[in-house]
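# Per-entry structural report
Listed here are the chains, written in short residue letters.
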Amino acid sequence: MSNFANTLAISGSPVPIYPGKLMPHWIEAARDKGYDIVARIIDRFHLALRCQHCGELIKVRLFTLISAQPLCSVCTQKQWVLTAQAAGLIFLKRCPDNRHYAFYEAACGHKIRRQFEFAERVAAGKTDLRCDICHKETEMREAAARGWELIGPDPESDPNYRHYRHSDCGHEQRIARANLQTGRISCGACGEQWPAAPSYLYAIQFTLPNSRELVKLGYSNNPESRLYHQLLRDTDMPCEFLRKVSVNSGQLAIRLEKRLHKKLRESFPDAVVPHAVFADQIKVKSEIYDIAMTPVILAELDALAEPTSVSGS
């Protein structure tokens, strides 16, 4: 008769019992970790354990029992279900492609894929749950209410912007979602507000408290307001306009500014100043350069200057 004639059913599948003694310290380790040893199985390296909480049998390597805390699959899934309920979700199944993810049904009825850790944070009240499908529908309704059609994410990958199409004329442009929500928008093709109104490209010199000098290239339809109400954290920090160049429209100013920044970053990557250097003084995350770039930036602006351009401070 074969030594493997007897089997145990674990998770619905028969597993052969392996002959051999159970060592006392194995039994003690199992009890300390919430299990009873039922038998040795498969080979000399595996054990069948019964969970003291739910009575489920699990297959565990001997090394795992001795060196770690075995996990009961039934208890674990019960905890996933309870966590999902606390988060306002229904646990559907574990994601087959990534063991850190699961599929849930949200309160809206949509199926979502989220990390187990994310569901735990929602259940603990540390973060909010957002259904991506419902969120997109909300953004589409917001756009339609303002006369725009949501095309998709920002083509420049800014999470605060979206890509929209104007319902009246078909013009497409980037718009900050916050501006769309509050109505502070205008079509760059047929509108009369800032995207279509005259604007400026500008260069500003800043002097940090440690005496380091920086230069910023930007655009605005009101550079002074931009500087004193949106850029400066410390209004006493020394700063001055080095150049202002008028541009026919805000949309054109955006395109010119983006083109210049790309050119500067590619040609002078070492001149780009890290955000940490000026984060406490200036309310932007980028577009700041070392003062040595001033002649280059001014030359670029001068090359774009129109007969109506304004120079100097």
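Presented here is a report on the structure given in the accompanying data block. All residue numbers refer to positions counted from 1 along the written sequence of the respective chain. Local features in this predicted model are restricted to residues of pLDDT 70 or higher, and side-chain atom pairs are both shown and tallied only at a pLDDT of 80 or more, whereas totals for entire chains, interfaces and linings draw on every residue. Derived side-chain values reflect all non-hydrogen atoms in the structure, with water molecules and hydrogen atoms excluded from consideration.

## Some details on the overall build of the protein
Inclusion rule: Numbering of helices and strands runs from the N terminus; a helix is a DSSP stretch of H or I covering at least four residues, while a strand is a stretch of E covering at least two. For the radius of gyration, the atom set is restricted to C-alpha positions; the globular benchmark scales as 2.2 Å times the number of residues to the power 0.38. Categorising residues by exposure relies on relative accessible area from a 1.4 Å probe, with only protein chains included: less than 20% of the type maximum marks a residue as buried, more than 50% marks it as exposed, and the intermediate range marks it as partly exposed. Method for areas: the Shrake-Rupley scheme with a 1.4 Å probe, in which residue coverage is limited to the protein chains shown.
Broken down by element type, the protein carries 10 helices and 15 strands. For the protein, the C-alpha radius of gyration of 32 Å lies well beyond 20 Å, the compact-globule estimate for 313 residues. Considering only C-alpha atoms, the protein reaches an extent of 100 × 50 × 35 Å along its principal axes. Taking all 313 residues of the protein together, the buried fraction comes to 38%. For the protein, the accessible area works out to roughly 18,000 Å², and carbon and sulfur atoms hold 49% of it.

## Side note on the pairing of strand S10 (residues 161-166)
The following threshold applies: Between any two strands, at least two bridges found by DSSP are needed for them to pair.
Judged from the five bridges that link them, strand S9 (residues 148-153) and S10 form a sheet pairing that is antiparallel. By the bridge assignment, Gly152 is partnered in S10 with His163. Note that S10 and strand S11 (residues 172-176) share five bridges and pair antiparallel. Of the residues in S11, the one forming a bridge with Tyr164 is Gln173. Here S10 folds back onto S11, and the loop between the two strands holds five residues, one of which, Gly170, carries a positive phi near 85 degrees.

## Some words on unusual backbone geometry
One non-glycine residue, Ile42, adopts positive backbone phi at about 65 degrees. Mapping Ile42 onto the fold places it in the loop between strand S3 (35-41) and strand S4 (46-51).

## Some points on the sheet that holds S3
The condition that has to hold: Axis lines are fitted through C-alpha atoms, for helices just across the contact stretch, and the angle between N-to-C directions can take any value from 0 to 180 degrees. When checking whether two residues touch, look at their non-hydrogen atoms; a contact exists if any pair is within 4.5 Å.
In spatial order, the strands read S3-S4-S5; together these three strands make up an open sheet with antiparallel pairing. For this open sheet the edge positions go to S3 and strand S5 (57-61), each flanked by a neighbour on one side alone. Ignoring which end each strand starts from, the neighbouring axes of this sheet average 35 degrees apart. Sheet topology note: the S3/S4 ladder contains six bridges and is antiparallel. Counterpart to Arg40 in the pairing with S4 is Leu47. Relative to S3, helix H1 (residues 24-32) is tilted by about 135 degrees, and along the sheet it contacts S3 and S4.

## A word on the nonpolar core
Quick note on the threshold: We call a set of buried Ala, Val, Leu, Ile, Met, Phe, Trp, Tyr and Cys residues a nonpolar core when their side-chain atoms join them within 4.5 Å.
By size, the foremost hydrophobic cluster in this structure holds 17 residues, and its most contacted members are Ala203, Val215, Met293, Ile297 and Leu301. The element contributing the most residues to this core is helix H8 (residues 250-267), with four residues. Other than its neighbours up to four places away in sequence, Met293 contacts Val215, Leu264, Phe268 and Ala271. By size, the runner-up hydrophobic cluster in this structure holds 15 residues, among which are Phe206, Leu208, Leu214 and Leu231.

## Brief notes about the state of the cysteines
Going by this rule: By disulfide we mean two sulfur atoms from cysteines, separated by a distance within 2.5 Å.
One pass over the full model with this rule turns up zero disulfides. Just so you know, Cys72 is unpaired, no disulfide at all, and the nearest cysteine sulfur is the one on Cys54, 3.5 Å from it. On the accessibility criterion, Cys72 (4% relative accessible area) is buried. No disulfide involves Cys134; its nearest neighbouring cysteine sulfur is the one of Cys108, lying 3.5 Å away. Accessibility expressed as a relative area gives 24% for Cys134, which makes it partly exposed.

## Quick look at the pattern of salt bridges
The criterion, for reference: Salt bridge, as applied in this entry: a Lys or Arg side-chain nitrogen positioned within 4 Å of an Asp or Glu carboxyl oxygen.
On inspection of all chains with the given rule, the structure shows 16 salt bridges. Asp132 is paired through a salt bridge with Arg114; the nearest N and O atoms lie 3.8 Å apart. Taken as a pair, Asp132 in helix H5 (residues 132-145) and Arg114 in strand S8 (residues 111-115) lie far apart in primary sequence, 18 residues in all. The exposure class of Asp132 is partly exposed, given its relative accessible area of 45%. Across the pair Arg212 and Asp290 runs a salt bridge, and its minimum N-O distance is 3.4 Å. Within this pair, whereas Arg212 is found in the loop between strand S12 (199-207) and strand S13 (213-220), its partner Asp290 is found in strand S15 (residues 288-290), the two being separated by 78 residues in sequence. Classification of Arg212 as partly exposed rests on a relative accessible area of 31%. Taking relative accessible area as the criterion, Asp290 reaches 24% and is therefore assigned partly exposed.

## Re the packing of aromatic side chains
Both the distance between ring centres and the angle between the ring planes are used here to describe each pair of aromatic rings. Defined as follows: Each aromatic pair joins two rings of Phe, Tyr and Trp (for Trp, the six-membered one) with centres within 6.5 Å, and gets the label stacked for planes under 30 degrees apart, edge-to-face for over 60, and tilted for any other angle.
This structure, assessed with the given rule, holds four aromatic pairs. Cluster of aromatic residues (ring-pair linked, three or more members): Trp80, Phe91, Tyr104 and Phe116.

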